[in-house]
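Residues per chain are reported as follows:
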Amino acid sequence: MKPVGVGHPSPGGFLLWLLGSLCLGSPSPPSPSGTEKKDGSQGLRFRLAGFPRKPYEGRVEILRAGEWGTICDDDFTLQAAHVLCRELGFTEATGWTHSAKYGAGTGRIWLDNLSCRGTEQSVSECTSRGWGNSDCTHDEDAGVICKDQRLPGFSDSNVIEAWVRLKGGAHPGEGRVEVLKAGTWGTVCDRKWDVQAASVVCRELGFGSAREALSGARMGQGMGAVHLSEVRCSGLEASLWMCPHKNITAEDCSHSQDAAVRCNLPSTGVETKIRLSGGRSRYEGRVEVQVGGPGPLRWGLICGDNWGTLEAMVACRQLGLGYANHGLQETWYWDSGNITEVVMSGVRCTGSELSLDQCAHHGAHIACKRTETRFTAGVICSETASDLLLHAALVQETAYIEDRPLHMLYCAAEENCLASSARSANWPYGHRRLLRFSSQIHNLGRADFRPKAGRHSWVWHECHGHYHSMDIFTHYDILTPNGTKVAEGHKASFCLEDTECQEDVAKRYECANFGEQGITVGCWDLYRHDIDCQWIDISDVRPGNYILQVVINPNYEVAESDFTNNAMRCNCKYDGHRIWVHNCHIGDAFSEEANRIFERYPGQTNNQVI
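Each value, and the rule that gives it
Residues numbered from 1 in each chain as written. Predicted model: local features only at pLDDT ≥ 70, side-chain atom pairs only at ≥ 80, totals over all residues. Heavy atoms only, no water. Helix = DSSP H or I, 4+ residues; strand = E, 2+ residues; numbered from the N terminus. Buried < 20%, exposed > 50% of the residue type's maximum accessible area, 1.4 Å probe, protein only. Areas by Shrake-Rupley, 256 points an atom, 1.4 Å probe, with all protein chains shown as cover. Pairing = 2+ DSSP bridges. Salt bridge = Lys/Arg side-chain N within 4 Å of Asp/Glu carboxyl O. Contact = heavy atoms within 4.5 Å. Disulfide = S-S within 2.5 Å. pLDDT = per-residue confidence, 0-100. Core = buried A, V, L, I, M, F, W, Y, C linked by side-chain atoms within 4.5 Å. Polar contact = N/O pair within 3.5 Å; in protein donor to acceptor, adjacent residues only side chain to side chain.

Digging into the overall build of the protein
Of regular secondary structure, the protein possesses 7 helices and 33 strands. The burial tally for the protein puts 52% of its 610 residues in the buried class. For the protein, the accessible area works out to roughly 27,300 Å², and carbon and sulfur atoms hold 51% of it.

Here it is in structure tokens:
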């Protein structure tokens with residue numbers, strides 16, 4: 001059979017394609033002069049969908065003539081997966097799946113009996129039964145597993161970027177609804193929010209229908225713009241943007257009205273392969289996992305070496321118990337069972353995995369420094385967690401340079417707040433050049449942020465006359481465009497308190513008189529630009545274009561519902577005398593395309609002032 005090419009859509013098909021593109025937020029129809037598209041892929045767009053999955057795997061879906069569709073697994077091979085992974089911007093495929101492993105799709109089945117050599121530039125060059133000609137059902141949808149490595153110079157214009165996401169949920173398939181508009185993420189107002197609109201969101205994300213539509217910021221408050229209000233869906237739309245809605249202004253709706261959803265999810269069975277033992281409640285205990293197969297299955301323990309907050313977050317998620325309050329490396333006080341064998345070691349998670357099996361670990365080879373059962377992993381889970389967010393605009397507004405005399409920096413040097421070259425300076429003569437700025441840190445989660453250590457273990461610093469409740473609370477860095485660190489600073493949390501709160505929230509934490517430290521939900525802590533260590537020592541930085549980066553809770557000492565919004569970044573231009581800080585934003589506030597533009601602003605490629 002001859003390869004099936006991609007023809008020009010009919011006028012009606014073109015109108016549907018254009019309507020779908022406008023609603024999904026995709027670029028205008030590609031022109032023949034476009035450089036990022038392969039010739040054979042003109043008019044096609046690709047995405048990975050389904051659940052559960054990682055960003056580089058999923059059900060393959062193709063947008064053709066304005067309609068999304070899937071590929072049947074009949075005759076599907078690794079060679080076809082290679083071609084599709086390249087269409088999606090990955091270097092190659094490492095595997096493929098059949099029988100709708102990532103869930104059944106909807107709509108058309110665009111390709112059946114797809115046969116590729118693996119060297120084709122486009123899936124259009126492969127043979128098949130023809131576009132839309134299939135005798136399959138969606139229970140036969142094919143998926144791919146791509147190598148987590150992007151093609152050099154690949155433009156994501158050939159991949160549909162997500163235009164809706166969930167944030168702040170304790171369980172998969174739930175969270176605050178955020179939509180992408182003009183390259184920036186924002187929330188949805190809960191006015192007229194109902195289960196029909198929630199179902200559109202759930203299906204757009206690859207889940208089932210909505211189980212519940214939530215109002216009143218039940219999944220925490222967002223920050224930034226509120227993009228949509230009064231969304232009215234029939235429940236059959238392919239995207240939330242297709243529903244009638246109202247574009248709102250700042251005074252129309254506040255983040256206390258952010259909408260959220262709980263989606264119906266297919267059962268994956270991952271919760272049956274993990275359990276807790278010895279705890280005082282079902283939310284805590286020593287972690288036990290089930291291993292083995294195809295032979296007999298057995299329960300065993302996890303080595304506590306390097307077990308931390310991120311690993312505990314995955315364990316609690318797999319258990320269906322929400323977030324992790326603590327990841328514990330010693331569990332002698334929970335020693336109540338007869339399970340003594342360590343069956344998993346070297347567990348390292350990113351925090352986004354759905355089960356511990358998806359994390360990196362040693363496999364069948366167990367390597368544990370401390371093999372006694374008292375040193376095995378444990379968790380304390382919670383249905384709520386804090387979520388810290390830096391006020392990016394305030395950093396931009398307050399940044400300035402100060403040349404501070406060395407004789408005024410003895411305490412700062414003692415707390416290691418200066419660059420290493422300060423040690424060889426001619427004390428007390430001379431000065432250090434400091435980039436100063438204010439930090440206002442909000443808690444937008446659903447639980448108070450508290451230091452990991454109790455007051456009994458706080459460290460007294462005589463020079464400044466205060467206790468440190470966390471050794472490292474924030475990292476401050478100046479980076480080159482390629483990510484090389486050229487200057488750094490840090491801030492110990494000598495005082496975590498409620499500086500100000502929203503109107504309906506009362507302050508709970510105050511540092512005076514050795515008081516309890518923390519940040520209440522709905523409050524914020526302000527570190528002013530004029531206090532010690534609220535700076536980066538840039539004395540050794542050459543003129544050029546840089547990135548200013550601030551990361552809160554960088555070592556994940558305290559559990560949060562979302563770590564992806566802990567980093568703030570700004571473009572930074574320094575001419576040797578003055579500094580310009582602009583375009584400050586939270587790390588996950590922009591679309592992928594907007595982030596690429598941020599990384600490539602003029603002058604960054606050669607690090608020279610322009």
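A short note on the pairing of strand β8 (residues 174-181)
In terms of residue burial, β8 counts as a mostly covered element, since 7 of its 8 residues are buried. Judged from the 4 bridges that link them, strand β7 (residues 164-167) and β8 form a sheet pairing that is antiparallel. If you follow Val164 over to β8, its bridge partner there is Val179. In this structure, the hairpin formed by β7 and β8 is closed by a connection of 6 residues, where Gly168 is found at a positive phi of approximately 85°. Summarising the sheet, β8 and strand β13 (residues 260-263) pair through 3 bridges and their orientation is antiparallel. Counterpart to Gly175 in the pairing with β13 is Val261. As judged from the 4 bridges shared by β8 and strand β9 (residues 184-188), these two strands associate in the antiparallel manner. Residue pairing across strands places Leu180 opposite Trp185, the latter belonging to β9.

Details of unusual backbone geometry
In this model, Trp427 is joined to Pro428 through a cis peptide bond whose omega is 0°. Within the secondary structure layout, Pro428 lies in the loop between α6 (410-414) and β22 (431-436). Phi at Asn113 takes a positive value of approximately 50°, unusual for a residue other than glycine. On the secondary structure map, Asn113 appears in the loop between β5 (108-111) and β6 (143-146). Residue Ala217 is not a glycine yet carries a positive backbone phi of 55°. Looking at the secondary structure, you find Ala217 in the loop between β10 (210-214) and β11 (226-229). A relative accessible area of 14% means that Ala217 is categorised as buried.

Quick word on the pattern of salt bridges
A complete count under the given rule lists 31 salt bridges for this structure. The salt bridge partner of Arg508 is Asp448, with a shortest N-O separation of 2.7 Å. Of this pair, Arg508 sits in the loop between β28 (500-501) and β29 (523-527) while Asp448 sits in the loop between β23 (439-443) and β24 (459-461), and the two are 60 residues apart along the sequence. By relative accessible area, Arg508 is classed as exposed at 57%. Beyond isolated ion pairs, a larger network of salt bridges with shared partners links Arg47, Arg59 and Glu61.

Focus on helix α2 (residues 78-87)
Counting buried residues in α2 gives 8 out of 10 residues, a clear majority hidden from the surface. Listing the buried residues of α2 in full gives Ala80, Ala81, His82, Val83, Leu84, Cys85, Arg86 and Glu87. As for α2, its buried residues are in contact with β1 (45-49), β2 (57-64), β3 (67-71), β4 (93-97) and β6. Note on α2: the residue one or two positions beyond its end, Gly89, has a positive phi of about 95°.

Describing the environment of Asp471
Its location among the elements puts Asp471 in the loop between β25 (466-468) and β26 (474-479). Asp471 sits in the exposed class, given a relative accessible area of 52%. Put simply, Asp471 and Glu557 are 86 residues apart on the chain and 9.9 Å apart in space, counted from C-alpha to C-alpha.

Some thoughts on the sheet that holds strand β20 (residues 388-390)
Pairing is antiparallel in the open sheet, where 4 strands are placed in the order β20-β23-β29-β28. Edge positions in the open sheet fall to β20 and β28, since each of these has one partner strand only. The pairing of β20 with β23 spans 3 bridges and is classified as antiparallel. Bridge pairing links Leu390 to Ile441 in β23.

Examining the state of the cysteines
Throughout the structure, instances matching the rule amount to 12 disulfides. Note that Cys116 is cross-linked by a disulfide to Cys126, the S-S spacing being 2.1 Å. With the S-S bond torsion at 110°, the cross-link from Cys116 to Cys126 turns out right-handed. Taken as a pair, Cys116 in the loop between β5 and β6 and Cys126 in the loop between β5 and β6 lie far apart in primary sequence, 10 residues in all. A relative accessible area of 2% means that Cys126 is categorised as buried. Across a sulfur-sulfur distance of 2.0 Å, Cys501 and Cys523 are joined as a disulfide pair. Sign of the S-S torsion, about 100° for the bond between Cys501 and Cys523, identifies this disulfide as right-handed. Here Cys523 lies in strand β29 and Cys501 lies in strand β28, a separation of 22 residues in the sequence. Exposure remark for Cys501: the relative accessible area of 15% places this residue in the buried category. With no disulfide of its own, Cys572 has Cys570 as its nearest cysteine by sulfur position, at a separation of 7.8 Å.

Examining the confidence of the model for the protein
This prediction gives the protein a mean pLDDT of 84; 87% of its residues lie at or above 70. Considering only residues more than four positions removed or in separate chains, one finds that residues 602-610, a stretch of pLDDT under 50, has 28 contacts.

Re the nonpolar core
In this structure, Phe473, Leu548 and Met568 are the most contacted members of the largest nonpolar core, which totals 36 residues. Secondary structure elements with two or more residues in this core: β20, α5 (392-398), β26, β31 (544-552), β32 (567-574) and β33 (579-586). Sequence-distant contacts of Leu548, that is, excluding residues within four places in its chain, are made with Val395, Leu435, Phe437, Asp477, Ile478, Ile536, Met568, Arg569, Cys570, Cys572 and Val581. Listed in part, the 26 residues of the second largest apolar core include Ile62, Ala93, Leu114 and Cys116.

Quick word on the side chain of Ser382
Relative to the assigned elements, Ser382 resides in strand β19 (residues 378-382). At 3.0 Å, the side chain of Ser382 forms a polar contact with the backbone oxygen of Thr384. Once you skip the residues sitting within four places of it in the chain, Ser382 turns out to touch Tyr283, Leu321, Gly322, Tyr323 and Asn325.

Some details on the environment of Asn426
Take Asn426: it is sitting in the loop between α6 and β22. Note on Asn426: relative accessible area 54%, which makes it exposed. Expressed as a C-alpha distance, the spacing of Asn426 and Leu406, which sit 20 residues apart in the sequence, is 8.6 Å.

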